[in-house]
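Secondary and tertiary structure notes
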Amino acid sequence: MELHSFNASSPAEAAATLRPCVDIDRWVQEIVDARPFSTTAELTAFAATAAPDWTEAEIDAALAHHPRIGERAAGDGAEARLSRREQSGVAVVPETTEKLARGNASYEEKFGRVFLIRAAGRSADEILTALEERLSHTPEQEQPIIAGELRQIALLRLKGMLAS
């Protein structure tokens, strides 16, 4: 979508365009309300700081749409397609796949949610190392990391949406 089309779309259409980036109503609404943007850089800079300090409930709702790292996202929706594309570059060998599966299970048991990391641009080994490190965190330490990873994913998706 081109920036001028995003700026000219109705609030509902603009929100529907943003929601696959990250399904956090407050973030989506702040961006929709701030239109029009002069440049893509202005939009992405605004999105990087929109709706600061995501709550645990907002993060949990957004994570409900994210597959486990190493698993293929199901469905035909925009978010599932984006997730599959983001994880497509993560080539894994069977041993790493098994370690990721065990790590995902340990993470979910400890934190009660899926392990989230920006997969785009990271190798499977880098992701596994981050997963193992983050398992040593407390929930209080992990919360801002999850929010940061989710925001990175949202910004990558937003940039991709505007480039397509």
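Summarised in this report is the structure supplied together with it. Just so you know, these numbers come straight off a predicted model, no measurement behind them. One numbering rule holds for all chains: residues counted from 1, following each sequence as written. Side-chain atom pairs in this predicted model are given and counted only at pLDDT of 80 or more, local residue features only at pLDDT of at least 70, and totals for whole chains, interfaces and linings cover all residues. Only hydrogens and water are removed before side-chain values are computed, so all heavy atoms of the structure are retained for them.

Section: the overall build of the chain
As a reminder of what qualifies: Numbering of helices and strands runs from the N terminus; a helix is a DSSP stretch of H or I covering at least four residues, while a strand is a stretch of E covering at least two. For the exposure calls, accessible area comes from a 1.4 Å probe over protein chains only, and a residue counts as buried if that area is under 20% of its type's maximum, exposed if over 50%, partly exposed in between. The contact rule is simple, with two residues in contact once any of their heavy atoms fall within 4.5 Å. Per-residue accessibility takes into account occlusion by the displayed protein chains alone, with areas from the Shrake-Rupley method and a 1.4 Å probe.
Looking only at helices and strands, the chain features nine helices and zero strands. Mapped from its N terminus to its C terminus, the chain presents α and β elements in the order α-α-α-α-α-α-α-α-α. A total of 164 residues make up the chain; the buried ones form 46% of that total. Restricting to contacts in the chain with at least 6 residues of sequence separation, those with at least 24 account for 69%. Accessible surface computed for the chain: about 8400 Å², of which carbon and sulfur atoms make up 54%.

Some points on the packing of aromatic side chains
Where we set the bar: Side-chain rings of Phe, Tyr and Trp, where Trp is taken by its six-membered ring, are said to pair if the distance between their centres is within 6.5 Å; with planes under 30 degrees apart they count as stacked, over 60 as edge-to-face, and otherwise as tilted. Throughout this description, the term charge over a ring refers to an Arg CZ or Lys NZ atom that lies within 6 Å of the ring centre and within 35 degrees of the ring normal.
Tallied over the entire structure, the rule returns three aromatic pairs. Ring centres of phenylalanine 37 and phenylalanine 46 lie 5.6 Å apart, and the angle between their planes is 55°; on these two criteria the pair is classed as tilted. We classify phenylalanine 46 as partly exposed; its relative accessible area is 29%. Their ring planes at 45° and their centres at 4.6 Å tell us that tyrosine 107 and phenylalanine 111 sit as a pair that is tilted. With tyrosine 107 and phenylalanine 111 both in helix H7 (residues 94-111), this residue pair falls four residues apart, about one helical turn. For the pair shown, tyrosine 107 and phenylalanine 111 are each scored as buried. Through successive ring pairs, a cluster of aromatic residues spans Tyr107, Phe111 and Phe115. Across the ring face of phenylalanine 6, the terminal group of arginine 35 is positioned such that the distance to the ring centre comes to 5.7 Å.

Examining the pattern of salt bridges
For clarity, the threshold we go by: Definition used for salt bridges: Asp or Glu carboxyl oxygen within 4 Å of a side-chain nitrogen of Lys or Arg.
In this structure the tally under the stated criterion is eight salt bridges. Across the salt bridge formed by arginine 122 and glutamate 149, the nearest N and O atoms sit 3.0 Å from each other. A residue pair is termed long-range when its members are at least 10 positions apart, and arginine 122 in the loop between H7 and helix H8 (124-134) and glutamate 149 in helix H9 (residues 139-163) qualify at 27 residues. Exposure class is identical for arginine 122 and glutamate 149. Each is buried. A single network of salt bridges, built from pairs that share partners, joins Arg19, Asp23 and Asp25.

Some remarks on the nonpolar core
Our working definition: Here, nonpolar core refers to any group of buried Ala, Val, Leu, Ile, Met, Phe, Trp, Tyr and Cys residues whose side-chain atoms link them within 4.5 Å.
Counting residues in each nonpolar core, the largest one holds 43 residues, and the members touching the most others are Trp27 and Ile31. Looking at this core, the elements with two or more residues in it are helix H1 (3-8), helix H2 (11-18), helix H3 (25-34), helix H4 (40-49), helix H5 (56-63), H7, H8 and H9. Non-local contacts of tryptophan 27, meaning those with residues more than four positions away in its chain, are made with Leu18, Cys21, Val22, Ala47, Ala50, Ala51, Trp54, Arg151 and Ala154.

Details of unusual backbone geometry
Of all residues except glycine, most have a negative phi; of all peptide bonds, most are trans. Going from arginine 35 to proline 36, the amide bond is cis rather than trans, its omega being 5°. Looking at where proline 36 falls in the secondary structure, it is placed in the loop between H3 and H4. The phi dihedral of alanine 51 falls on the positive side, at around 50°, and the residue is not glycine. Within the secondary structure layout, alanine 51 lies in the loop between H4 and H5. In this structure, aspartate 53 is a non-glycine residue whose phi angle is positive, near 55°. Here aspartate 53 is to be found in the loop between H4 and H5.

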